[in-house]
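Residue-level listing of the chains:
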Amino acid sequence: NLALISRRRRIPELGALEYLTSCHLANIVFGDQIEFLGVIPTDEGPRLVIRQPEVEAADPDNPHPMKPAINRWLRSAGFEYDEGAWTREGDLVVVSDEHEGNFILAAEGIRPIDLHLTRLSWATGEVIPWEQNPANPRQWLSL
């Protein structure tokens, strides 16, 4: 199970495979560029090593958008809130862990970072990339 260096649990019962699957989905759904670099041993067990581009905040003193803006942004990306998580009907991708700290208000607009993405167990077909989502306002896509 994964935890932050601070020992705070991120998402209960999230194992390595689920974490890597979430990273892969974020790459497809949001155009993230997360790379898996390997595994390193620690006293607490193996740790996954990833790399992703840094997202600079438009205002470093106020880097995170507020929850209402995040909710509007998620809806613009085709997600609707239902039963504790945001789900996109087109491909049954589910976004969770969407607190303010997991978004950066960049010059281009709101950028998600470190969200947890899964698909509902009965999902079939391909995952819809960000640029193919008809609800996409294309705010932030220039990387």
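A brief report on the enclosed structure follows. This structure is a prediction, so every number in the text was calculated from the model and none was measured.

## Things to note about the packing of aromatic side chains
Inference 1: Scanning all chains against the criterion turns up four aromatic pairs.
Inference 2: Geometrically, the ring pair formed by F30 and W73 is tilted, given 5.5 Å between the ring centres and 35° between the ring planes. Pair noted here: F30 is in helix 1 (residues 16–30) and W73 is in helix 2 (residues 67–76), with a separation of 43 residues, a long-range link.
Inference 3: For F30, a relative accessible area of 1% gives the class buried.
Inference 4: Residue W73 is classed as buried on the basis of its relative accessible area of 2%.

## What about the sheet that holds strand 3 (residues 80–82)?
Inference 1: Strand order in the open sheet made by the four strands is 3-4-5-8, with antiparallel pairing throughout. Each edge of the open sheet carries a strand with a single partner, namely strand 3 and strand 8 (116–119). Across the sheet, the mean angle separating the axes of adjacent strands is 35° when strand polarity is ignored.
Inference 2: As paired strands, strand 3 and strand 4 (residues 85–88) are joined by three bridges and run antiparallel to one another. Looking across to strand 4, one finds that Y81 is bridged to W86.
Inference 3: Contacts from helix 1 reach strand 4, strand 5 (93–96) and strand 8 within the one sheet, and its direction differs from that of strand 8 by about 90°.

## Examining the nonpolar core
Inference 1: Counting 23 residues, the largest nonpolar core has V29, F30, W73, L74, F79, V95 and L117 as its most contacted members.
Inference 2: Take this core: its biggest share by element is six residues, from helix 1.
Inference 3: In contact with V95, not counting residues within four places along its chain, are F30, L74, F79, A85, W86, L115, H116 and L117.

Criteria and cut-off values
Residues numbered from 1 in each chain as written. Predicted model: local features only at pLDDT ≥ 70, side-chain atom pairs only at ≥ 80, totals over all residues. Heavy atoms only, no water. Phe/Tyr/Trp six-rings, centres within 6.5 Å; stacked < 30°, edge-to-face > 60°. Helix = DSSP H or I, 4+ residues; strand = E, 2+ residues; numbered from the N terminus. Buried < 20%, exposed > 50% of the residue type's maximum accessible area, 1.4 Å probe, protein only. Pairing = 2+ DSSP bridges. Axes fitted to C-alpha atoms, helices over the stretch in contact; angles between N-to-C directions. Contact = heavy atoms within 4.5 Å. Core = buried A, V, L, I, M, F, W, Y, C linked by side-chain atoms within 4.5 Å.

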